[in-house]
Structure formats: C-alpha cells, structure tokens
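Each chain is listed here by its residues.
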Number of protein chains: 2
Amino acid sequence: MTKIKEKRAAAACSLPLNQILAGDCVEIMNSLPEGSVDLIFADPPYNLQLRGDLLRPDNSRVDAVDDEWDQFAGYAAYDQLTRDWLAAARRLLKPNGAIWVIGSYHNIFRVGAELQNQGFWIMNDVIWRKSNPMPNFRGKRLTNAHETLIWAAKSENSKYTFNYEALKSLNEGVQMRSDWVIPICNGGERLKDDQGDKAHPTQKPEALLHRVLVGTTNPGDVVLDPFFGTGTTGAVAKMLGRDFIGIEREESYRKVAEKRLSRIRRFDSEAIATTKAKRAEPRVPFGQVVERGMLRPGEELFSIGSRHKAKVRADGSLIGNDVKGSIHQVGAALEGAPSCNGWTYWHFRREGKMIPIDILRQQIRAEMEGEVSRPS
Amino acid sequence: MTKIKEKRAAAACSLPLNQILAGDCVEIMNSLPEGSVDLIFADPPYNLQLRGDLLRPDNSRVDAVDDEWDQFAGYAAYDQLTRDWLAAARRLLKPNGAIWVIGSYHNIFRVGAELQNQGFWIMNDVIWRKSNPMPNFRGKRLTNAHETLIWAAKSENSKYTFNYEALKSLNEGVQMRSDWVIPICNGGERLKDDQGDKAHPTQKPEALLHRVLVGTTNPGDVVLDPFFGTGTTGAVAKMLGRDFIGIEREESYRKVAEKRLSRIRRFDSEAIATTKAKRAEPRVPFGQVVERGMLRPGEELFSIGSRHKAKVRADGSLIGNDVKGSIHQVGAALEGAPSCNGWTYWHFRREGKMIPIDILRQQIRAEMEGEVSRPS
DNA sequence: TCGTCGCTTGAATCCTAGC
DNA sequence: AGCTAGGATTCAAGCGACG
C-alpha cells in the first residue's frame, strides 16, 4: 500500500459515516478530511425570489417556498454562498470523485458557471422532466415542468464512475438519455410532520437519487449531501449499500430524516430493485404536425367525401365555416356531433388522393421510438 | 403621437428589414437604432473548452495552452464575447422586447448568468428534447439528448409578448410545458452545399423557431438573429409574417441563406392569425346588459346550484344578502373569496334553465364586431 | 372489492387597463 | 407613479367518501 493510499484509508476510517451532522455545511465540510468522498449530491437553495401570494383559479393559495433559508440579498450574496460551498465540496472529493447539483433557472446558471470556474468538468446536464408538474395558473409563462441537474467530475482528468450498462438496463436496454421522466415526490413517499403538513417544502423523489447513485457510484462508495433536508440521498444510499454523510442545519429536518433512515433496509445484494419505466402511447398534439411542416398553415383538410372542409392555422387550430378550434372541436361542430376524433375525421390531399391525417401522427410516433421513459 | 413614439417609428423605418447583414454582430448591432427590435433569437457559438480553440468575434484565435490555468483564460474570453453581444442585443431591444438564446452545457450556464447580470429577466428555460439524438458512441456519458433555450424579457418590468392561447392550441388544448420534443434537423430540411455536404454544422429545425415565434411574437414584429447561419430564424419569420434582420459573418452561410429565403412564401393571413386571448377582447360593462334590456332591473341571478342569489339593479350593480356592488364584488363577498369573475359566476333563469350571464356578454361582443369590421 | 367523484396539492421569479 | 377595480386563470395524481 502506498503512502497516499494509506492516508486515504485512514481518512476514510475517521469519516462520520451514515450520520447526519448538524450545522453549516461549509464549516463542517472543511472539518472533514481532504480527498475522502466519492460523490457529492447537492440540492442547494434555489433563490426563487417569489413576490406576492399566488392563487389558483379556484382561489386556493399555493403553499410557497418562502422559508428563511431561501432568502438572499441578491445575486452577489447567492454567488458567495455558491463559491464557498463548492470550494469546500471540491476539497473533500477524491481526485476521481464527482458531484451532482440540482437547480432551476433561478440558480442553475450561476451554479454551473461557478462549477466550471473552479475547475470541475461537466459530464452532462440532465433534465428531470416532471410527469406531474404544477401548472402555470395565470397563463403568463410556460408550465415550469422540469429541473436541471449538472453532473461534473472533479477535474477534466478524473476517472469518474459511470455504470453505463446499469443505466442502460434501467432504460430497458436502450442507452440512457440526458432527460429523465420522473414524477414529483408526493403520495406515501412524501414525508409529513406531526400536523400532517409536508415536512420539507422541496423533498426530492427517491427515483431521482436511485438513478444518480446506480449510475455514478459503486457499492461501498461514500456519498455526501451538504443540504441533506429530510434525507432522500441518505435513504437511497442506504438501500443501495452506499455509505452516506448528511449535513443539515435545521433541527426539524434532521429529526424527520433520522426517523426515516432508521426504517430503511438495505436491499439484498442481488435484488437491486430497478424502477421500471412504463410504456404508453405518447399523446401527439396536432400542432406538432404543423410545426414540423408536415401540413402547412393555410392548407385545406377535408372530411370523408369532402362534405366539409377546414383550413389549418399556424397555431395548430382549424378554421372552417366560421368555426375555430382543435381538429376535434371543428369536426364535431361541422357534424353537429357532441364529439369527433379529428385524427380519423380529417384528410389532406396529396397527388389527387385523400390521406387521413392520422398517418402523420403515426410518423411522429415512429420518430419517437427509442424514448423509453415516459409518464405512465 | 408622442415624441418617443415618433422616434421609434423613425427608427423602424431606417431598419434594414428582411435582409442579411454581413459582418461582426456586435459592430452591426451597435450601428442599428436603439430600442427598435421586438425579439432577438440567438444561437451563439458553443466552441468553448474544446482545448482552448476559441475564436474572438473578429475571427482571431485565442492563444491556448492546455494547462489548467489556461482553462480560465478560455472561459474569460468566452465570457467577454458573451458580455459584448448581449449588451449590444440589450441596447437594440424595445423596452418590452425579449430574447431567446440556445446552447448546451458547454456554454449555457455562462450565458444564463450573464443574462441575469445584465438585468434580463428569465421567463423560462426551455428544453429542446431531441427525438432522434446522436448516441454516445463510447458509452462514457449519457446520450446528450437535449439542448437548453433561455427565454428572457429585457427587464423585470417588461410587458413581454406571450401568446398563451396559441401555444395551448399547438399543444391540443393543454398548456405548453417547458420541455419541447422536436426532431433534429435532417432530411429534406437540412441544407446541403454544392458538394452535397451539410451547409452548416448546427442548423436548427424550423419547428423549433415556429414554436418560439408563434409563442412570443405577433405578426409584423421585428425579429433579429445575430448569428444567422443558414437563416432558419429568417425563414420561419417570413412564413409567419414577421420581419427579420439577420447578421452573419461567413459568406458561405449568407449565400445559402439568401437562396433559401428567396424561395419561402408567406402563409396567408387567415392561417397566420392565431387563437386570441380573452384578455384581448373588448371590455363589456355589465351595465350594458341591463341598458339593452337583456336582463331587467329586479331580475334575480343565481350562483351554481343556486346557493346564492342576487337582484339586478337599474345601474348595473347587484344587491344580494345586503351586499351591494358589481357582479364581481357581490360574488366575491357571498363566497368569502378574495376575487370572483362575476361573468361566469352568475346565471339567470329562462324556461326553467340556468344560463350563465357570460352568454349575454358574448352576444354584445358579436354585435360590436359587426359594427367595426367592414369590407376592405 | 371496485369504480367514480370530489377535494387537495406540488421549488412559482404568475394581471393590467385606466384613472 | 401609484392605486383601484375588472375579471382571467390549472394539470396530473393521490386519497377518502360513497355506492
């Protein structure tokens, strides 16, 4: 055993494994031995900068993330925190270690730039596509339906861990992509406090951590989470036979996490549970047919026997006989029927022949083959 | 017309619309009139950290050594380029203008942070999820199956354009999410040079620009693309009846783009028109319903299920359960809600049926349209 | 036991014309 | 510029009540 390896083995022995450390993550990370951690997973505050209340159309109030820990004086203050905790994290990592950070557009660009500035080497950015996001209630922006994760090695030369085959098998034999469809954490998995309210405003789903840890750590690795919260990282690490170190400032979160972790049992080594992605026929909006130029705005569609016709508009709606709306709505209106399947009702003309538009939907679906993970 | 408006109208007249300008985008943008552009779509170079091969805007090469220190020099040079073109873009935008930038993990974090630093206000980050990405051949990372776009208004107070209904219509009646599934540009859409090779390495699909322009511009808007390439932005703008300005340094790209644009035809105006937002419809005071005798003073209105009722008064106010006020105020008071849309809340009785009063507003609006629209 | 219906909820930078 | 009032705005899941 070389001197360096001896040193690391000693360091590892002195690590407070499988515990939750109380306090400020920068101070605590700086008190742990240098170069001793395999992977860091971090879910830092997002600096959401929310203004007033937000009401749903039914006048109920959205429970906002207005906690003290997400309040910052401005970008400068947020950047200072980011620099500090990333530097401490970098010091802790083994040379071949890696880091994951999750965030939203409020903070992720600043975090990503600082990762690069400190010499981390980005492997991928990964999109967590939420199958059930909260909608945009006022119709003023797009539904914020994803969050972004950055996966980066400690340096360009790091021999990082990447379990290609494991991820491929998680994805039904197809190479894992950089966009992951996973539901938000709710239902039985969502931890509640004694009053029955959610114990933490931003608990992450275990499925997300499952994929991260299966893909970029090995059993026995040390995984550190500096913003531990209610301990999703620790819970999944324990199930998967990885050691964890959690750091959390808030006592209430630590208590919930301790209780949670005490109930977790490690999977037996053979039975590494794989989250099966469900297959479903993806819904194809007619608008995609227009966007992709398969039909042009202004082009005419015909019902069977050409009894009715309608014109395609740029936003994927139809206009026919003064009726505007979706392919289904306009078909139903023209037929005086309560409903209508526009995909089979409407036809377009090519070289004198009438072709059902459903052909175009089938083409789009064929192109989407190979996407495996989808909302159920 | 105010002085400011005059100035802008003059500026618009002097804009080189529907042309491709040759040269460095920063210089050219700075030569155009301030506050004259509605939307900027930018696909800046990604050539970052490819072992230091970084080109300055004037095409000179940044000297690179492959040690770690130089990485920072590489980032610094790229950041300088980003600051320069974003500042020039910001100057060009109208106060209510907006910008889209597309990039990958190599550059998008630096661009996003700089956007925020300059005072742009991010509305959404949008994921272009490629339905047919290039696989990762060596199995060393995840398949890089997406790119990131940032949509930002010029400032927090900008009244940006967002065609919510049009995008919802493109998505078949469900509000548009921040993740967009669109195939990469290939097949017939992919432009080839005389040798049959692809004319541009990163030609963007027209479907992507279609969604961007339908969603965040109106017909007649001025759309500028400072990294025009082979002109996808211009092509889609022309089809959709928007004016464009392209800036491109490379003559070979300009030539391909000119040829492409000359073949594009604008869709007819009926096809370009998109679904209108309700907010855009003229306001109808409830008093008009009473004045026109559609409802009589003294007539009773009912909430759904007849849980509450109120009486119409001659001045167009309601009185119910001792509360007097507008249809909205009385509805809100009776429900104990902070607000209420009286048009959808209240119903009147005709032949035993409950009919929402919004029907009456629609009748008035239809009559108003008849007054306004004349044969042209 | 099973399906249906209604209620609740989720990291959200969520209104605007007119006075 | 600040205030007031009109009135526009939601998707997917989970869970409990109910028949």
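In this convention, every chain numbers its residues from 1, walking through the sequence in written order. Each chain gets a letter, beginning with A, and each ligand a number, beginning with 1, in the order they are written. Reporting of local features is limited, given that this is a predicted model, to residues whose pLDDT is at least 70; pairs of side-chain atoms are given and counted only at 80 or more, and all residues count toward the totals for whole chains, interfaces and linings. Hydrogens and water are ignored here; the side-chain numbers use all heavy atoms of the structure.

Structural notes on the interface of chain A and chain B
Line of reasoning, step 1. Contacts were defined at the residue level, with two residues in contact if any of their heavy atoms lie within 4.5 Å. Listed by partner, the interface residues are 77 residues for chain A and 78 residues for chain B.
Line of reasoning, step 2. Buried area between chain A and chain B, summed over both chains or domains, comes out near 6900 Å², and the portion from carbon and sulfur atoms is 47%.
Line of reasoning, step 3. Two parts placed together each lose some accessible area under a 1.4 Å probe, and the buried area is that loss summed for both. In terms of surface lost to chain B, no three residues of chain A exceed A:Phe109, A:Leu142 and A:Glu291, which account for 12% of the buried area on that side.
Line of reasoning, step 4. Think of a salt bridge as a Lys or Arg side-chain nitrogen and an Asp or Glu carboxyl oxygen that are within 4 Å of each other. Linking chain A with chain B are six salt bridges.
Line of reasoning, step 5. A salt bridge links A:Lys311 to B:Glu270; its shortest N-O distance comes to 3.3 Å.
Line of reasoning, step 6. Distance and chemistry together define a polar contact, namely a pair of N or O atoms within 3.5 Å, with one atom able to donate a hydrogen and the other to accept it when in protein, and with adjacent residues in sequence counting only for side-chain atoms on both sides. Applying the counting criterion to the chain A and chain B interface returns 46 residue pairs in polar contact (both at pLDDT 80 or more).

Here we look at the protein's contact with DNA strand D
All names here are of chain B.
Line of reasoning, step 1. In these notes, residues near a molecule or strand are those with any non-hydrogen atom within 4 Å of it. Every one of the 28 residues lining DNA strand D counts as a neighbour, but Tyr 164, Lys 168, Gln 175, His 328 and Arg 361 are closest to it.
Line of reasoning, step 2. Here a phosphate oxygen of DNA strand D and a side-chain polar atom of His 328 are 2.5 Å apart.
Line of reasoning, step 3. Separating a phosphate oxygen of DNA strand D from a side-chain N or O atom of Asn 341 is a distance of 3.2 Å.
Line of reasoning, step 4. Residues that form the surface near DNA strand D fall into these classes: nine nonpolar, 12 polar and seven charged. Amino acids are sorted into nonpolar (Ala, Val, Leu, Ile, Met, Phe, Trp, Tyr, Cys and Pro), charged (Asp, Glu, Lys and Arg) and polar (every other residue, Gly among them).

Some thoughts on helix H12 (residues 358–367) of chain A
What sets the pattern is the α-helix's 3.6 residues per turn: residues three or four places apart point alike.
Residues and elements named next belong to chain A.
Line of reasoning, step 1. Considered for burial, the residues of H12 that qualify are Asp 358, Leu 360, Arg 361, Ile 364 and Arg 365. Along the long axis of H12, the arc covered by the buried residues comes to 155°, so they all point the same way.
Line of reasoning, step 2. Numbered from the N terminus, helices here are DSSP runs of H or I no shorter than four residues, and strands are runs of E no shorter than two. Looking at the buried residues of H12, the elements they touch are helix H9 (286–291), helix H11 (342–345), strand E13 (347–350) and strand E14 (353–356). For every residue, the accessible area obtained with a 1.4 Å probe (protein chains only) is divided by the maximum for its type, and the residue is called buried under 20%, exposed over 50%, and partly exposed between those limits. It is the directions from the helix axis to the C-beta atoms that the arc portrays.

Things to note about the sheet that holds strand E3 (residues 93–103) of chain A
Residue and element names in this part refer to chain A.
Line of reasoning, step 1. Between any two strands, pairing holds if DSSP finds at least two bridges. Taken in spatial order, the eight strands of this open sheet run E1-E8-E7-E2-E3-E5-E4-E6, and their pairing is mixed. The two strands at the open ends of the sheet, each matched to only one other strand, are strand E1 (19–22) and strand E6 (179–182). Averaged over all neighbouring strand pairs, the angle between strand axes comes to 20°, with direction disregarded.
Line of reasoning, step 2. In the sheet, E1 pairs with strand E8 (residues 243–248) via four bridges, with the strands oriented parallel. When the bridges of E8 are listed, Leu 21 appears paired with Ile 247. Note on definitions: angles span 0 to 180 degrees between N-to-C directions of axes, and those axes are lines fitted to C-alpha atoms, for helices only across the stretch in contact.

Side note on the protein's contact with DNA strand C
All names here are of chain A.
Line of reasoning, step 1. Around DNA strand C sit 37 residues in total, of which Gln 49, Arg 56, Tyr 105, Arg 138 and Arg 141 are the nearest.
Line of reasoning, step 2. The protein-proximal atoms of DNA strand C, defined as those within 4 Å of the protein, are 45% sugar or phosphate.
Line of reasoning, step 3. At 2.2 Å from a phosphate oxygen of DNA strand C is found a side-chain nitrogen or oxygen belonging to Tyr 105.
Line of reasoning, step 4. Here a phosphate oxygen of DNA strand C sits 2.7 Å away from a polar atom, N or O, in the side chain of Arg 190.
Line of reasoning, step 5. Across the surface near DNA strand C, the residue classes tally to 19 nonpolar, seven polar and 11 charged.

Examining the pattern of salt bridges
Line of reasoning, step 1. Inspection of the entire model under this criterion finds 30 salt bridges over all chains.
Line of reasoning, step 2. A salt bridge links A:Lys311 to B:Asp268; the shortest N-O distance between them is 3.9 Å. Of this pair, A:Lys311 sits in strand E10 (residues 309–312) while B:Asp268 sits in the loop between helix H8 (251–263) and helix H9 (269–272), on two different chains.
Line of reasoning, step 3. Ionic pairing is found between B:Lys130 and B:Glu147, a salt bridge with its closest N-O pair at 2.9 Å. Of this pair, B:Lys130 sits in strand E6 (residues 121–130) while B:Glu147 sits in strand E7 (residues 146–153), and the two are 17 residues apart along the sequence. Per residue, the accessibility class of B:Lys130 equals that of B:Glu147, and both read buried.

Looking at the confidence of the model for chain A
Residue and element names in this part refer to chain A.
Line of reasoning, step 1. Per-residue confidence for chain A averages 90 on the pLDDT scale, and 91% of its residues sit at or above 70.
Line of reasoning, step 2. In the model, residues 271–279 has pLDDT below 50 throughout and makes 17 contacts with residues more than four positions away in sequence or in other chains.
Line of reasoning, step 3. The quantity known as pLDDT measures the predictor's confidence residue by residue, on a range of 0 to 100. Low confidence marks residues 372–376, where pLDDT is under 50. Its contacts with residues over four positions away, or in another chain, come to 20 contacts.

Here we look at helix H4 (residues 108–117) of chain B
Residue and element names in this part refer to chain B.
Line of reasoning, step 1. Of all 10 residues making up H4, nine are buried, and the element is well covered by its neighbours.
Line of reasoning, step 2. All of the buried residues in H4 are Ile 108, Phe 109, Arg 110, Val 111, Gly 112, Ala 113, Glu 114, Leu 115 and Gln 116.
Line of reasoning, step 3. Phi turns positive, to about 100°, at Gly 119, one or two residues after H4.

Overview of the sheet that holds strand E5 (residues 93–103) of chain B
Residue and element names in this part refer to chain B.
Line of reasoning, step 1. Read from one edge to the other, the open sheet built from eight strands follows the order E1-E10-E9-E2-E5-E7-E6-E8, with strand pairing classed as mixed. Edge strands, defined here as strands with exactly one partner in the open sheet, are strand E1 (19–22) and strand E8 (179–182). Averaged over neighbouring strand pairs, the angle between their axes works out to 20° when direction is ignored.
Line of reasoning, step 2. With eight bridges connecting them, E6 and E7 associate as antiparallel partners. Residue pairing for E7: Ile 122 is matched across the bridge by Ala 152.
Line of reasoning, step 3. On top of the sheet, H4 reaches E5, E6 and E7; it is set at about 165° to E5, its chief contact.
Line of reasoning, step 4. Along the sheet, helix H6 (residues 206–216) contacts strand E2 (37–42), E5, E6, E7, E8 and strand E9 (222–225); its crossing angle with E8, the most-contacted strand, is approximately 140°.

Description of the pairing of E5(B)
Residue and element names in this part refer to chain B.
Line of reasoning, step 1. For E5, the tally of buried residues reaches eight of 11 residues, placing the bulk of the element in the interior.
Line of reasoning, step 2. Here E2 pairs with E5 via five bridges, running parallel. The partner of Ala 42 across the bridge, within E5, is Val 101.
Line of reasoning, step 3. Sheet topology places E5 next to E7; six bridges connect them, and they run antiparallel. Note on E7: the bridge partner recorded for Val 101 is Ile 150.

Considerations on the packing of aromatic side chains
Line of reasoning, step 1. Aromatic pairs are defined between Phe, Tyr and Trp rings, using the six-membered ring for Trp, whenever the two ring centres lie within 6.5 Å; interplanar angles under 30 degrees are classed as stacked, those over 60 as edge-to-face, and all others as tilted. According to the stated counting rule, one finds 20 aromatic pairs over all chains in the structure shown.
Line of reasoning, step 2. When the centroid spacing of 5.8 Å and the interplanar angle of 45° are considered together, the rings of B:Trp100 and B:Trp180 count as tilted. Placement of the pair is B:Trp100 in strand E5 and B:Trp180 in strand E8, with a sequence separation of 80 residues. Of the two residues, B:Trp100 and B:Trp180, neither departs from the other in class, the shared state being buried.
Line of reasoning, step 3. Here the aromatic rings of B:Phe162 and B:Tyr164 are separated by 6.2 Å at their centres, their planes lie at 55°, and the arrangement is tilted. In this structure, B:Phe162 and B:Tyr164 share a single accessibility class: buried.
Line of reasoning, step 4. In our convention, an over-ring charge means Lys NZ or Arg CZ found within 6 Å of a ring centre and within 35 degrees of that ring's normal. Sitting over the ring of A:Phe120, A:Arg90 keeps its end group 4.9 Å from the ring centre.
Line of reasoning, step 5. A cation sits over an aromatic face here: A:Lys130 above A:Trp128, 5.0 Å from the ring centre.

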